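One-letter residues, chain by chain:
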Amino acid sequence: MLIRRPPDIPTREITEESAYFGRREFLRAMGYGAGVVAASAAVPGALMACAPGQADPDDKLTPWEAVTGYNNYYEFGTAKDDPAKNAHTLKPRPWKVKVEGEVARAADYDLDDLLKPFTMQERVYRHRCVEAWSMVVPWFGFPLKDLIARLEPTSKTKFVEFTTLADTGQMPLIRRPILDWPYVEALRMDEAMHPLTLMVTGVYGKTLPNQNGAPLRLIIPWKYGFKGGKSIVRIRFLERQPRNTWNIAAPNEYGFYANVNPAVDHPRWSQKRERRIGELFRRETLPFNGYADQVASLYSGMDLRANF
Amino acid sequence: MLLLALIPALKLARGVAIGYLGIDPVETLAITTGTAAITLLLCSLAVTPLRRLTGWNELIRFRRLLGLMAFFYAVLHVSTYVVFDQEGSLSLIAADVYEHPWVLFGMMAFLMLIPLALTSTKGWIRRLGGKRWNRLHRLVYPAAIFAVLHFLLAVKLDVRKPVLYIVVLAVLLGTRVVWARRRAATQAPAARQRPAPLTAAEPGN
């Protein structure tokens, strides 16, 4: 579902969560369910290409409380409820993003200047953690490819790397070296340019809460959640594949690609099934988190068992 | 002591009653019961060393209670796994145990605790005889080792808590090794003359 709104409407006025929760029930009650499916099937191909990652009608949105209260953001603690408790020390404005490397428009950008050209869209994505839980989240953001196009990477660029803030003033817990801060993640250029890959600034129609990675984070819905760096302060365009933080921490457990793959278990636990937050029983995990028809071709010919 | 050991269960019962057990209730159940089981198991293993150090023999009265409470939480923990994670499917469980050492370790620990819980009564001590009962109940040592390894493999990166449990267990088991060696060194000649004075009512391990 693609929703474009003029940027002058404050996000807080847009939609109440209750409306999100109720909308499918509302449609079903009105007997319009079949009509909606038919209508979306009738959307012309060109528009569909702009609106990928449409949620499965069976995917019920994970409640706001869970999306913003159950987080992995180790800079603010390792328990799931730590980030919501501790992330108030993060100051999401003013915010600078350094763009560097193999790119024509390398500079230190003020975040608001960087975001100005883009219209925020809602994207409902499945979000699958490497720990075998998942959510369905209505993100707000814009395709990373649009940002990359504006920054004009050189022809040498093969990878793009994202660095998370690591400031002991705002994140006192990083004094404990649980991970090798700052948190670094990266994508191959074709993954970064894929229309599903989203720069996120909001969720549920509101500004992104600190614990979710304010003010700017990445979401790659066919990969395990840890690929999506939070509170991004640097974007670097590179010729060579950089190493990502979890891969440095445990190379046999976390790879560079980290595509959701039920056929390749984490060395310690199964990835075959997952618990959708809010459900008691597990459900099957889908290859590429259910986005295989859109992204599997990126990896044709690659051994996904070796490139986990 | 019983009340203390029941606190985690009461917390869970309260959560069930008010219909809120955290954002992922299954995770809450699994972590609460697992942590309680391992903690109580280590407490039960602390009884003998504490008793020897302090000479406070009354402590022995708590050992069975602690062991049984550990087993009670282990049953809840395994039930959570069987019901919610594997939907009661034996084939799914078998595959999971076979493929993942942390599940195997947890399962080993649990299986070892079953005969100990079953033979925890005075009747069984009498039936087996103190010596055989003691030998059987030495299973608690490998059970505890498997349990803490299970805990270690279950966490992602932040291993402070399981490492703390491993250190505590190492100390508890280490004191037994040291004491056993010392006893062997000083009592070896005497042991030939008279058997170790163990009574059926108060077996030690």
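What counts, and where the lines are drawn
- Residues numbered from 1 in each chain as written.
- Chains lettered and ligands numbered in written order.
- Predicted model: local features only at pLDDT ≥ 70, side-chain atom pairs only at ≥ 80, totals over all residues.
- Heavy atoms only, no water.
- Axes fitted to C-alpha atoms, helices over the stretch in contact; angles between N-to-C directions.
- Helix = DSSP H or I, 4+ residues; strand = E, 2+ residues; numbered from the N terminus.
- Parallel < 35°, antiparallel > 145°, perpendicular 65-115°, else oblique.
- Left-handed = near helix turned anticlockwise from the far one by under 90°.
- Nonpolar A, V, L, I, M, F, W, Y, C, P; charged D, E, K, R; others polar.
- Contact = heavy atoms within 4.5 Å.
- Buried area = accessible area lost by both parts, 1.4 Å probe.
- Salt bridge = Lys/Arg side-chain N within 4 Å of Asp/Glu carboxyl O.
- Polar contact = N/O pair within 3.5 Å; in protein donor to acceptor, adjacent residues only side chain to side chain.
- Buried < 20%, exposed > 50% of the residue type's maximum accessible area, 1.4 Å probe, protein only.
- Arc of directions from axis to C-beta.

Peer 1: Talk me through the packing of helix α2 (residues 25-54) of chain B against helix α3 (residues 60-85) of chain B; I want residue IDs and the actual numbers.
Peer 2: All names here are of chain B. With their axes 8 Å apart at the nearest point, α2 and α3 run at an angle of 160° to one another. Put simply, α2 runs roughly antiparallel to α3. Seen along the crossing, α2 lies across α3 with a hand that is left-handed. Of the residues contributing to the contact of α2 with α3, the split by class is 17 nonpolar, 7 polar and 3 charged.

Peer 1: So what's going on with the interface of chain B and chain A? Which residues, and what values?
Peer 2: If you look at the interface, chain B gives 23 residues, while chain A gives 30 residues. When the area that chain B buries against chain A is broken down by residue, the three leading residues are Ile23, Lys156 and Leu157 of chain B, summing to 34%. Remark: the boundary between chain B and chain A carries 6 salt bridges. Taking the shortest distance from any N to any O, the salt bridge between Arg275 of chain A and Asp24 of chain B comes out at 3.2 Å. Across the contact surface, chain B and chain A share 15 residue pairs in polar contact (both at pLDDT 80 or more). Looking at the side of chain B that touches chain A, the elements with two or more residues in it are α2, α3, α4 (90-99) and α8 (140-154) of chain B. Grouping the constituent residues of the side of chain B that touches chain A by class yields 12 nonpolar, 2 polar and 9 charged.

Peer 1: A description of α4 of chain B should follow, citing residues and the corresponding values.
Peer 2: All names here are of chain B. Those residues of α4 that sit buried are Ile93, Asp96 and Val97. Summarising the axial view, the buried residues of α4 lie within an arc of 100°, below the 170-degree limit, and thus occupy one face. Exposed residues lying more than 90 degrees from the buried face of α4 are Ser91 and Tyr98. Buried residues along α4 sit against α3 and α5 (101-118).

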